[in-house]
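So you can see what is in the structure, the chains are spelled out below.
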Amino acid sequence: MMAVFRRELSDCFHTLTAYIFGAFLLAFVGVGAMIYNIQQAVANFEYVLSFVSLIFVVLVPVLTMRVIAEERKQKTDQLLFSLPLTSTQVVVGKYMALLVVYLLPLCIISIYPWIFSQFGEVYLLTSYGSMAAFFIMGGALISIGMFLSSLTENVGFAAGIGIPVILFNYYSVSLAEHVSSSAFGSAAVLCILWGLLGAVIRHLTKNEGLAYGVSLALIAATGAVYWMKPEIFEGLLPELMRQLSLFERFYTFVSGAFDLTSIVYYFTIIVFFLFLTVQSLEKRRYN
Amino acid sequence: MVTVEHLTKRYGTFTAVDDLSFKIEEGHVYGFLGPNGAGKSTTMNIMTGCLSATEGQVKIDGYDIYEEPDKAKRRLGYLPEQPPLYMNETPWEYLKFVGEAKGLRGRELKSQMEAVILQTRLEGMEHRLIAKLSKGYKQRVGIAQALLGDPKIVILDEPTVGLDPIQIIEIRDLIRQLGQERTVILSSHILSEVQTICEKVLIIARGKLVAFDTPDNLEKLFQASHGVSFVAEAKAEEINEILRELDVISDWRMETMADGRIRVDVQAASGEASDLSRSLFFAFSRKKKALLELTPKKASLEDVFIELTETDVPGADVAEHESVDPFKNPAGSKSEESGVADR
């Protein structure tokens, strides 16, 4: 695993990904710090992080698009498969390397609140608490990006799906206000989601029977519950979108509360998507 | 050393590898021969754990590649058809990664890296970018990678494809050298290559094993098709007349060459090719016709290969192949009716 980690880390620096990622993150945080902390003289550094979080929509796909797609394209995944490494070691090694690339600019950024505290009163606990949450949220987004990269051998395509997926997650709370909160609307969207789930299963397993089976069973279950107790679906969709948003949970930290359930949620997302990435890699052997 | 049992790989309805079983002993160079799409790469990918099998099992030195992949893979070095290289690294960085992944550390890692660099003659190139290396050198980096960790078995998938003649000779020498201390399995569709470097040949067609023997034995297997080719200073009618009187001949075929002379391919009815040559020599000399050329024809590995991969062979396990193989070698079937292999 350490071999994969080291190789991936040096690859990020070979290909400039690490520099681009770091430079943009630092630039945006710098601009944010200038606007909020210096010009407007606000003492809360966490507002800067909240302002900057939108940039993840672009930066995370930049960081993750190559990570597995490129291996497939260059057929180096065959090397990884033939080496005495498990898919889990490969995925975790790569993920750790990306986390380090993400952590490096954050180390520089972590000096900022301390600098500001030299010139006035800064509530460092919230600043650093938010920074920790910022790191973990980024980690969750990176795991999603990594999974998307494992679905294709086209690097551009991996970024192309990554951007809308993260963008949707970013806006899902504001969108939640506009979507139908009626029971029927929620049930209908749920059915569409089950259909999509079926498509993903089909793509991963190439097993149409299983994909249709799972999809239809879930749709039937949803239909049955809707028929018996439609009130369960009342307002379900907007609530779901609010709950799934990674960014919304981050704002809790910005407002000064260190929310452990959100940390647990982020870790769940990380484990879940790394697991899916391992499955996606394994699937190459079983296609 | 390597046991493959009832290996089958299906892609939907297409069967790429069909109930393949064979056993590979220690310390030889084995050739895996077959037309494009016969299932060579698929089999090799399964043997090295890159691909799962639909059915069957592969054991490397007694360890199942799926049940104990770590132990099995530590005994294997694999070079896939397209060398899996990281183009933006140098051979040194690349080999370091592979060595570390194979569990080598510190001094051991360094000494092995130096050894394989020396063995594959990569000295002087180890700090250049892989992307800038020539194809021959890229192939060497691929082979060097496979040799790290001192594996007992080295599997090379078409190691000489796309190289120039000098590079091919160098790589073949390297493979021969490897065969002295390890078991080497290489795949190829170049017959001369297999004939020169391999001690044993597995011929695979449509996912099935159709032959497994030494190149010499395989040629002997097809000695029935022996014949002689000659050029005589005579007219076609005269040649026909002489040949009709000889009972050692079963069939012949004439071909007029550019200079007007006639080349005749003769098929022996029985016995050795030398008996046929003797009879022809005396028959023509009695008629005062000179023989300008007289060449005995031996079935080459090429004939064996075409025979085995294009047609059903008695005894070989090619019972049903009604399914159309999209990759079937379009080399064309030889004139089977006359039994004379034209060259």
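Refer to the preceding data block for the structure.
Along each chain, residues carry numbers from 1 onward, in the same order as the chain's sequence is written. To label them, take the chains in the order written and letter them from A, then take the ligands in the order written and number them from 1. Where totals are concerned, whole chains, interfaces and linings use all residues; where local detail is concerned, this predicted model gives features only for residues with pLDDT of at least 70, and gives and counts side-chain atom pairs only at 80 or more. Side-chain descriptors were evaluated using all non-hydrogen atoms of the structure, hydrogens and water having been removed beforehand.

## Description of the overall build of chain B
Move 1: Comment: elements are numbered from the N terminus, with helices defined as DSSP H or I runs of at least four residues and strands as E runs of at least two. The helix and strand tally for chain B stands at 11 helices and 14 strands.
Move 2: Accessible area is worked out with a 1.4 Å probe on protein chains only. A residue is then buried under 20% of its type maximum, exposed over 50%, and partly exposed in between. Looking at chain B as a whole, 51% of its 343 residues qualify as buried.
Move 3: Whether two residues touch is decided by their heavy atoms; if any such pair falls within 4.5 Å, the residues are in contact. Contacts in chain B between residues far apart in sequence, at least 24 positions, make up 69% of those at least 6 positions apart.

## A word on helix H11 (residues 183-205) of chain A
Residues and elements named next belong to chain A.
Move 1: Helix span, as expected, comes to 1.5 Å for every residue beyond the first. Given a rise of 1.5 Å per residue, 23 residues ought to cover 33 Å, and the 33 Å separating the end C-alpha atoms of H11 matches this to within 8%.
Move 2: Turning to H11, its buried residues are Ala183, Gly185, Ser186, Ala187, Leu190, Gly198, Ile201 and Leu204.
Move 3: Just downstream of H11, lysine 206 is the residue with a positive phi angle, here 55 degrees.

## What about the sheet that holds strand S8 (residues 183-188) of chain B?
Residue and element names in this part refer to chain B.
Move 1: Pairing within the open sheet is mixed, and its six strands lie in the order S6-S7-S8-S3-S9-S10. At either margin of the open sheet sits one strand with a lone partner, and together these are strand S6 (76-79) and strand S10 (208-213). Each neighbouring strand pair of the sheet contributes to a mean axis angle of 15 degrees, computed without reference to strand direction.
Move 2: Taken together, the five bridges between strand S7 (residues 153-157) and S8 define a ladder with parallel strand orientation. Between any two strands, at least two bridges found by DSSP are needed for them to pair. Inter-axis angles, ranging from 0 to 180 degrees, are taken between N-to-C directions of lines fitted to C-alpha atoms, where helices are fitted over the stretch in contact.

## Section: the sheet that holds strand S1 (residues 2-11) of chain B
All names here are of chain B.
Move 1: If you trace the four strands from one edge of the open sheet to the other, you get S2-S1-S4-S5, paired in antiparallel fashion. Looking at the sheet topology across the chains shown, the edges are occupied by strand S2 (14-24) and strand S5 (63-64).
Move 2: Both strand S4 (residues 55-60) and S5 contribute to a ladder of two bridges, which runs antiparallel. The residue of S5 that forms the bridge with isoleucine 60 is tyrosine 63.
Move 3: Seen against the sheet, helix H1 (residues 40-47) touches S1, S2 and S4 and runs at an angle of roughly 120 degrees to S1.

## Observations regarding the pattern of salt bridges
Residues and elements named next belong to chain B.
Move 1: A pair is scored as a salt bridge if a Lys or Arg side-chain nitrogen falls within 4 Å of a carboxyl oxygen belonging to Asp or Glu. Here the structure, examined in full by the defined rule, presents 28 salt bridges over all chains.
Move 2: Here aspartate 18 makes a salt bridge to lysine 208, at a shortest N to O gap of 3.7 Å. Of this pair, aspartate 18 sits in strand S2 while lysine 208 is found in strand S10, placing the two residues 190 residues apart along the sequence.
Move 3: Look at aspartate 18 and you get partly exposed, because its relative accessible area is 22%.

## Quick look at the interface of chain B and chain A
Move 1: If you look at the interface, chain B gives 28 residues, while chain A gives 25 residues.
Move 2: In short, buried area is how much 1.4 Å probe accessible area vanishes from two parts on joining, totalled over both. Taking both sides of the interface into account, the surface hidden between chain B and chain A amounts to around 2,400 Å²; carbon and sulfur atoms contribute 56%.
Move 3: Summed over the three residues of chain B that lose the most area to chain A, namely Lys73, Tyr86 and Phe97 of chain B, the buried surface amounts to 23% of that side.
Move 4: The tally of links between chain B and chain A comes to two salt bridges.
Move 5: Here arginine 6 of chain A and glutamate 100 of chain B are joined by a salt bridge, their closest N and O atoms 3.3 Å apart.
Move 6: Breaking the side of chain B that touches chain A down by element, the ones donating at least two residues are S1, helix H2 (69-74) and helix H3 (91-101) of chain B.
Move 7: In terms of residue count, H3 of chain B provides more of the side of chain B that touches chain A than any other element does, six residues in total.
Move 8: Residue classes in the side of chain B that touches chain A are distributed as 13 nonpolar, seven polar and eight charged. Amino acid classes used here: Ala, Val, Leu, Ile, Met, Phe, Trp, Tyr, Cys and Pro are nonpolar; Asp, Glu, Lys and Arg are charged; the rest, including Gly, are polar.

## Concerning unusual backbone geometry
Move 1: Here alanine 41 of chain A, not a glycine, exhibits a phi torsion of approximately 55 degrees, which is positive.
Move 2: Mapped onto the fold, alanine 41 of chain A is located in the loop between helix H2 (17-39) and helix H3 (46-52).
Move 3: Judged by its relative accessible area of 60%, alanine 41 of chain A is exposed.
Move 4: A positive phi angle is found at histidine 6 of chain B, which is not glycine, with a value near 45 degrees.
Move 5: Within the fold, histidine 6 of chain B resides in strand S1.
Move 6: On the basis of relative accessible area, histidine 6 of chain B is assigned to the partly exposed category, the value being 48%.

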